[in-house]
Amino acid sequence: MMATSVDDRVDALLAKLGRRVTGPRRRVARLLAGKRGSFSAEAVNEELPDVGRATVYRTLKLLSDAGVLCKAILPDGSPRYSIDHSWHHHHLICSSCETVQEFRSVELERLLCELGDEIPGRVLGHQVDFYVNCVDCLQHERAAEAH
């Protein structure tokens, strides 16, 4: 089986969504394909100075709406994006360093299903984000307190 390039996958997705394939959209998608962890729209914009700010933001929204990107909201209200690996997860969002990590829990999913049975109507989805101080930030705090 022949592997498809990022450009081919982006072209196919945009065609499926009825959107035009443009060079700037491809450049944004190609950059995102190499991303690990979470990132802000502003960081993407800074990495692609020759792509218009509006194009970056619209492409992120398009890819988020299409389920390619996962969006988490930081405590200050700003969004962070990450590649959506197509498995159900929730987020751990560090209030100190703003890292976003995926969190999966069988127990939480069982509880959410039980709660869904008690909710009138049909639950279409849910989002659970935990705002935390991550392990790294806690270690830095303890080290600073020790000095």
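Quick caveat, the model's predicted, so the values are computed rather than measured.

1. Thoughts on a nonpolar patch on the surface
Inference 1: A cluster of nonpolar side chains, namely Leu111, Leu115, Ile119 and Val123, defines an oily patch on the protein surface of about 320 Å² accessible area.
Inference 2: By the element assignment, Leu111 lies in helix 5 (residues 106-118).
Inference 3: A residue is classified by how much of its surface remains accessible, and Leu111, at 41% relative accessible area, is partly exposed.

2. Concerning the packing of helix 2 (residues 23-33) against helix 4 (residues 53-65)
Inference 1: Between helix 2 and helix 4, the shortest axis-to-axis distance is 10 Å and the interhelical angle comes to 65°. In terms of crossing hand, the pair formed by helix 2 and helix 4 is right-handed. Facing helix 2, whose interface residues are Pro24, Arg25, Val28 and Leu32, helix 4 presents Thr55, Val56, Thr59, Leu60, Leu62 and Leu63.

3. Structural notes on the pattern of salt bridges
Inference 1: For the structure on display, the rule yields five salt bridges.
Inference 2: Two residues, Asp50 and Arg27, come together in a salt bridge whose shortest N-O distance is 2.7 Å. Of this pair, Asp50 sits in the loop between helix 3 (41-47) and helix 4 while Arg27 sits in helix 2, placing them 23 residues apart in sequence.
Inference 3: The exposed category is assigned to Asp50, whose relative accessible area is 57%.
Inference 4: Residue classification places Arg27 among the partly exposed residues on the basis of a relative accessible area of 31%.

Calculation notes
- Residues numbered from 1 in each chain as written.
- Predicted model: local features only at pLDDT ≥ 70, side-chain atom pairs only at ≥ 80, totals over all residues.
- Heavy atoms only, no water.
- Patch = residues over 30% accessible without salt bridge, like charges linked within 9 Å, V, L, I, M, F, W, Y side chains within 5 Å.
- Areas by Shrake-Rupley, 256 points an atom, 1.4 Å probe, with all protein chains shown as cover.
- Salt bridge = Lys/Arg side-chain N within 4 Å of Asp/Glu carboxyl O.
- Helix = DSSP H or I, 4+ residues; strand = E, 2+ residues; numbered from the N terminus.
- Buried < 20%, exposed > 50% of the residue type's maximum accessible area, 1.4 Å probe, protein only.
- Axes fitted to C-alpha atoms, helices over the stretch in contact; angles between N-to-C directions.
- Left-handed = near helix turned anticlockwise from the far one by under 90°.
- Contact = heavy atoms within 4.5 Å.

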